[in-house]
Amino acid sequence: MPGGRLTQQERQQIALGLGDGLAYAEIARRLDRPTSTVTREVMRNGGPTAYRPDLAHRATEGRARRRRPGGDARPVARGDGRDAAAVRDYEEAFATVFMQGGLPRMTARVLAALYATDAGSLTAGELGERLQVSAGSISKAVAFLESQSLIRRERDDRRRERYVVDDELWYQSMIASAKANERMVEIARQGVAVLGAGTPAAARLENVARFMDFVGEEIVRAAEQAREILLSKPAGGEAGDAGAPGDPEGPKGAEGRD
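What comes next concerns the included structure. Computed from a prediction, not measured in an experiment: that's the story for all the values here.

What counts, and where the lines are drawn
Residues numbered from 1 in each chain as written. Predicted model: local features only at pLDDT ≥ 70, side-chain atom pairs only at ≥ 80, totals over all residues. Heavy atoms only, no water. Pairing = 2+ DSSP bridges. Helix = DSSP H or I, 4+ residues; strand = E, 2+ residues; numbered from the N terminus. Axes fitted to C-alpha atoms, helices over the stretch in contact; angles between N-to-C directions. Contact = heavy atoms within 4.5 Å. Core = buried A, V, L, I, M, F, W, Y, C linked by side-chain atoms within 4.5 Å. Buried < 20%, exposed > 50% of the residue type's maximum accessible area, 1.4 Å probe, protein only.

Here we look at the sheet that holds strand β3 (residues 161-165)
- The antiparallel open sheet is built from three strands, whose spatial order is β1-β3-β2. The outermost strands of the open sheet, each flanked by one partner alone, are β1 (121-123) and β2 (151-155). With strand direction ignored, the average angle separating the axes of adjacent strands in the sheet is 30°.
- Two strands pair when backbone bridges link them, and β2 and β3 are joined in this way by five bridges, in the antiparallel orientation. Note on β3: the bridge partner recorded for E154 is R162.
- Most of the contacts of helix α7 (residues 124-131) go to β1, to which it runs at about 95°, and overall it touches β1 and β3.
- Taken strand by strand, helix α8 (residues 135-147) contacts β2 and β3, and its axis lies near 110° from that of β2.

Laid out in C-alpha cells, this is it:
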C-alpha cells in the first residue's frame, strides 16, 4: 500500500470517482489507499460536491510549507513529549469524523483540538495558535458549539475565558437523537390520521412510527446505562475499580463471593 501524500494524479482520480458517484471506499480501493485517507482529503477540501483536485493539491503544498519552514522537515517540540506531527494528523482525522456528522470544518477542528488536550479546555488564543487561524474563526466556531451544548465556557484562575469540552457530549448526543426519533414518530402518526388508517400509505407510516419508537427507547435505555462510562477515570484510576454499567459482578458482587 503506498504511503506519503496524495499525488496530483491521485487527486484527479478522486475527483473523477466523486463525479461518478463512487463511495469513498471504492475510490480508496482503486488508489490502493486507506478509506480514511480519501475521506479526510475530500472533507478538508470542500466536501464531495465542491472538491477540486488542483485547489486541494495547492492547499496541501501550502500547509506543508507552513509546517516546514524553508522546506526542511523539522520536528515541532511539544512540552508533553508527544509526536507533534502524529497529534496534528490525528486531530485532522478526528475533525473529519465530526464533519461527516454535519459540523462545519472549523467547528470540527476546534472540537477535535479540545478533545485531544489532557485538560479538555483551551483559551481562544491557545486554539488560534494550535489551529493557525484567526480569532474571528475561533469565535464563530465556539459560538456554534456552545449553542449546541457541545462545549461550555469557564474562567480560570487568571480570569481568562476557557472553552471546555463536555465529558457528557456523547450522552447528550444520544438523548438528542432519541428526541429526534420522537418527533419522527409524532409526524408519522399524524400522517396515518390524515391519510386514513388501513391505506397502504398509512400502513407504511405506522411501521416507520413503530420502528422509530422502538429505536428511540433503546437509545435512551442504553445511554442511561452507559452514562457513567463517560465520567470514568483513566486506566489505573478509579475507573478500574468499578464494574461496567448495570454489571452485577462489579465491586459489590466480587465482595459477595469472598
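A few points about the nonpolar core
- Core analysis: the largest hydrophobic core is formed by 35 residues, its most contacted members being I14, V38, V110, L111 and L127.
- Elements with a minimum of two residues in this core: α1 (8-19), α2 (24-31), α3 (35-43), α5 (84-100), α6 (105-115), α7, α8 and β3.
- Residue contributions to this core peak at six residues, all from α6.
- Not counting the four nearest positions on each side in its chain, V110 is found in contact with L127, L131, I138, A141, V142 and L145.

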